[in-house]
Amino acid sequence: MSQATERATAGFLVWRLSMKWRVAVDRAVAPLGLTHAQYALMASLHGLRRSGLQPSQRQLADRTGLEPLYVSKLARALESAGFVARTRDPSDPRAMRLSLTEQGSEVTRRAITLVQGLLDQLLEPLGGQDSPRTRKFTRELAALLDVNLDPHTENDEEQP
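All values derive from a computational prediction rather than experimental measurement.

The nonpolar side chains of soluble globular proteins are, as a tendency, buried together. In this structure, Leu34, Met42 and Val84 are the most contacted members of the largest nonpolar core, which totals 26 residues. Sorting the residues of this core by element identifies helix 2 (10-29), helix 3 (36-50), helix 4 (57-64), helix 5 (68-80), strand 2 (92-100) and helix 6 (102-123) as the ones contributing at least two each. No other element matches helix 3, which puts seven residues into this core. In this structure, Met42 is in contact with Leu34, Leu78, Phe83, Val84, Leu100, Gly104, Val107 and Thr108, ignoring residues within four places of it in sequence.

Attention shifts here to the pairing of strand 1 (residues 84-89). In this sheet, strand 2 lies alongside strand 1 in antiparallel orientation, the contact comprising six bridges. Directly across from Asp89, in strand 2, lies its bridge partner Asp92. Two successive antiparallel strands, strand 1 and strand 2, enclose a turn made up of two residues.

Glancing now at the side chain of Thr134. Take Thr134: it is sitting in helix 7 (residues 132-145). For Thr134, a relative accessible area of 3% corresponds to the buried category. Only 2.6 Å separates the side chain of Thr134 from the backbone oxygen of Gly128, close enough to count as a polar contact. Of note is the side chain of Thr134, whose polar atom sits 3.0 Å from the side chain of Ser131.

Over the atoms, a rolling probe the size of a water molecule traces out where space has been left empty. The space that makes up the largest pocket amounts to roughly 2300 Å³. Within the residue set of the lining of the largest pocket, elements represented by two or more residues are helix 2, helix 3, helix 4, helix 6 and helix 7. With ten residues, helix 2 is the single largest residue contributor to the lining of the largest pocket. For the lining of the largest pocket, a count of residues per class yields 26 nonpolar, ten polar and six charged.

This brings us to the packing of aromatic side chains. With the rule as written, the count across this model stands at one aromatic pair. When the centroid spacing of 6.0 Å and the interplanar angle of 45° are considered together, the rings of Phe12 and Trp15 count as tilted. Taken together, the positions of Phe12 and Trp15, both in helix 2 and three residues apart, correspond to about one turn of that helix.

Cut-offs and rules
Residues numbered from 1 in each chain as written. Predicted model: local features only at pLDDT ≥ 70, side-chain atom pairs only at ≥ 80, totals over all residues. Heavy atoms only, no water. Core = buried A, V, L, I, M, F, W, Y, C linked by side-chain atoms within 4.5 Å. Buried < 20%, exposed > 50% of the residue type's maximum accessible area, 1.4 Å probe, protein only. Helix = DSSP H or I, 4+ residues; strand = E, 2+ residues; numbered from the N terminus. Contact = heavy atoms within 4.5 Å. Pairing = 2+ DSSP bridges. Polar contact = N/O pair within 3.5 Å; in protein donor to acceptor, adjacent residues only side chain to side chain. 1 Å grid on protein atoms, 1.4 Å probe; cavity = no way out; pocket = protein on both sides within 12 Å on 5 of 7 lines; lining within 4 Å. Points joined across faces, edges and corners; volume = space filled by probe spheres on them. Nonpolar A, V, L, I, M, F, W, Y, C, P; charged D, E, K, R; others polar. Phe/Tyr/Trp six-rings, centres within 6.5 Å; stacked < 30°, edge-to-face > 60°.

Encoded structure:
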């Protein structure tokens, strides 16, 4: 650990790690014609499809943590590239359902392989993807993700 990171706050380290990860994934998937955000959307679609689901854009936004408007923009770009199909939800004409095309599925499988290699590299200092330290780290990250950081949901009662 460098001297600079020894004194860093948890918030700074989370930000730096997220930036390092985003840049690494961007570089890895760029030869496939994807960005990190596009990869996140397509990999999520891939996982949901394996569970038998065809999510709406809103459901995908909720799963990925991306803003719904950004998911819509990404989905339109991926549709233009031939990777994603967007169809109207028969039960809600305002909603769009998303699915991977055959070409999108192939690109996603290749991208997942690349990103898994990066994850192996990232988690090596913790003993690898299946190590007890990594499992603990994953639980701690999940606990942090469960914290509501929306300032509008705080207790806004006026003090007398």
